[in-house]
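Remarks on the overall topology
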Amino acid sequence: MPSNSLKRIKLMLITDNLPLNRNKFIQEDQILNITGANWSDYEKFDSQDYSGYRVSYFNGEITIVSPGRNHERISEIINRLIIAYCEKYDLQDFPFGQTRLNVSGQTGREPDIAYAFDCDKNLPDLVVEVIFSSGDIEVLKSSYQKIGIRELWVWKNNKITFYYLEQNSYIVIEYSKILPHIKSESFIEYVNRGITESPLLIKKDFLKII
């Protein structure tokens with residue numbers, strides 16, 4: 001991608017013209033896909049310049065996401081429930097936040113939620129991604145498979161799917177292997193309440209069933 005094109009995109013983001021109308025589209029994610037990019041282009045998107053955006057790279061495409069309000073609420077309720085689980089079972093957690101995870105030259109992602117458990121590690125044990133407006137689950141899986149993330153949770157269309165890395169491929173699991181008292185089918189009921197209800201009430205109910 002020509003450097004002048006990259007500069008124009010940077011200026012567009014920094015001046016907050018993307019999304020074009022935050023008031024109108026505040027509920028939905030705003031997404032920009034840049035095709036024909038390379039790894040060097042991706043590395044120029046510094047997280048300090050693009051605070052609040054998620055920037056990823058896969059197969060020659062850079063994707064920039066500005067999460068909408070509902071995306072952030074879903075992410076936050078999942079995060080709070082994970083923390084509640086750790087507190088109940090006295091499980092040490094080490095949050096990564098939106099730390100950029102990558103395999104140089106191949107793929108890079110900034111997850112919604114990421115944690116290592118028991119001890120601090122170079123990579124998180126668990127990554128959670130929320131796909132609210134659009135997104136490709138297969139791209140997510142391929143990216144995190146390359147990075148080597150043991151467990152991946154993906155929320156999309158009011159459903160959550162747990163994936164576990166086994167023999168270099170993700171398989172669907174019913175119960176989390178990292179947080180074994182959490183079952184995807186029951187967990188989603190509490191997560192989806194996060195759109196309209198206070199996390200405090202949801203947390204209290206969640207703790208009763210784990």
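What you are looking at is a predicted structure, and each value in this text was computed from that prediction instead of being measured.

**A closer look at unusual backbone geometry**
- In this structure, glutamine 167 is a non-glycine residue whose phi angle is positive, near 55 degrees.
- Here glutamine 167 is to be found in the loop between strand 10 (159-166) and strand 11 (169-173).
- Judged by relative accessible area, glutamine 167 falls into the exposed class, the value being 78%.

**Quick look at the pairing of strand 11**
- For strand 10 and strand 11, the ladder comprises 5 bridges, and the chain directions are antiparallel. Within the sheet, the bridge partner assigned to phenylalanine 162 lies in strand 11 and is isoleucine 173.
- In sequence, strand 10 turns back onto strand 11 through a hairpin of 2 residues, with glutamine 167 there showing a positive phi of about 55 degrees.

**Quick word on the pattern of salt bridges**
- Throughout the structure, instances matching the rule amount to 13 salt bridges.
- Between arginine 80 and glutamate 76 there is a salt bridge, with its nearest N and O atoms 3.0 Å apart. One end of the pair is arginine 80 and the other is glutamate 76, both in helix 4 (residues 69-88) and 4 residues apart, which spans about a single turn.
- Glutamate 76 gets classed as partly exposed once you look at its relative accessible area, which sits at 34%.
- Notably, a salt bridge pairs aspartate 205 with lysine 208, separated by 3.8 Å at the nearest N-O pair. Of the two residues, aspartate 205 and lysine 208 both sit in helix 7 (residues 199-209), 3 residues apart, roughly one turn of that helix.
- On the basis of relative accessibility, which here comes to 26%, the residue aspartate 205 falls in the partly exposed class.
- Through salt bridges with shared partners, a single ionic network connects Arg193, Glu197, Asp205 and Lys208.

**Some words on the layout of surface pockets**
- Of the voids in this model, the largest pocket is the one considered here, and its volume is about 440 Å³.
- Ser56, Thr63, Val65, Arg109 and Gly135 are the residues nearest the centre of the largest pocket, which is lined by 23 residues in total.
- At the level of elements, strand 1 (30-35), strand 2 (54-58), strand 3 (61-66), strand 8 (126-131) and helix 5 (137-147) are the ones that each hand at least two residues to the lining of the largest pocket.
- Classifying every residue of the lining of the largest pocket by side-chain character gives 9 nonpolar, 6 polar and 8 charged.

**Remarks on the nonpolar core**
- In terms of nonpolar packing, the biggest core is built from 30 residues, with Ile78, Ile82, Phe117, Trp153, Leu179, Phe187 and Val191 touching the most fellow members.
- Contributing elements (two or more residues each) for this core: helix 4, strand 7 (113-117), strand 8, strand 9 (151-156), strand 10, helix 6 (184-192) and helix 7.
- In terms of residue count, helix 4 provides more of this core than any other element does, 7 residues in total.
- Residues within four places of phenylalanine 117 in sequence aside, it is in contact with Ile82, Cys86, Leu91, Gln92, Asp93, Asp125, Leu126, Ile178 and Leu179.

**Some points on the confidence of the model for the protein chain**
- For the protein chain, the mean per-residue pLDDT works out to 87, and 84% of the residues sit at or above 70.
- Contacts of residues 1-5 to residues separated by more than four positions or lying in other chains number 5 contacts, the stretch itself having pLDDT below 50.
- A low-confidence stretch, residues 10-20 stays under pLDDT 50, and its non-local contacts, those more than four residues away or across chains, total 19 contacts.

**Brief notes about the packing of helix 4 against helix 7**
- Packing of helix 4 against helix 7 brings their axes to within 10 Å, and their N-to-C directions diverge by 45 degrees. In terms of orientation, helix 4 and helix 7 fall into the oblique class. Where helix 4 crosses over helix 7, the handedness of that crossing is right-handed. Taken together, the residues of helix 7 that come into contact with helix 4 (itself represented by Ile77, Arg80, Leu81, Ala84, Glu87 and Lys88) are Pro199, Ile202, Lys203, Phe206 and Leu207.
- Looking at the contact of helix 4 with helix 7 residue by residue, the class counts come to 7 nonpolar, no polar and 4 charged.

Procedures and definitions
Residues numbered from 1 in each chain as written. Predicted model: local features only at pLDDT ≥ 70, side-chain atom pairs only at ≥ 80, totals over all residues. Heavy atoms only, no water. Helix = DSSP H or I, 4+ residues; strand = E, 2+ residues; numbered from the N terminus. Buried < 20%, exposed > 50% of the residue type's maximum accessible area, 1.4 Å probe, protein only. Pairing = 2+ DSSP bridges. Salt bridge = Lys/Arg side-chain N within 4 Å of Asp/Glu carboxyl O. 1 Å grid on protein atoms, 1.4 Å probe; cavity = no way out; pocket = protein on both sides within 12 Å on 5 of 7 lines; lining within 4 Å. Points joined across faces, edges and corners; volume = space filled by probe spheres on them. Nonpolar A, V, L, I, M, F, W, Y, C, P; charged D, E, K, R; others polar. Core = buried A, V, L, I, M, F, W, Y, C linked by side-chain atoms within 4.5 Å. Contact = heavy atoms within 4.5 Å. pLDDT = per-residue confidence, 0-100. Axes fitted to C-alpha atoms, helices over the stretch in contact; angles between N-to-C directions. Parallel < 35°, antiparallel > 145°, perpendicular 65-115°, else oblique. Left-handed = near helix turned anticlockwise from the far one by under 90°.

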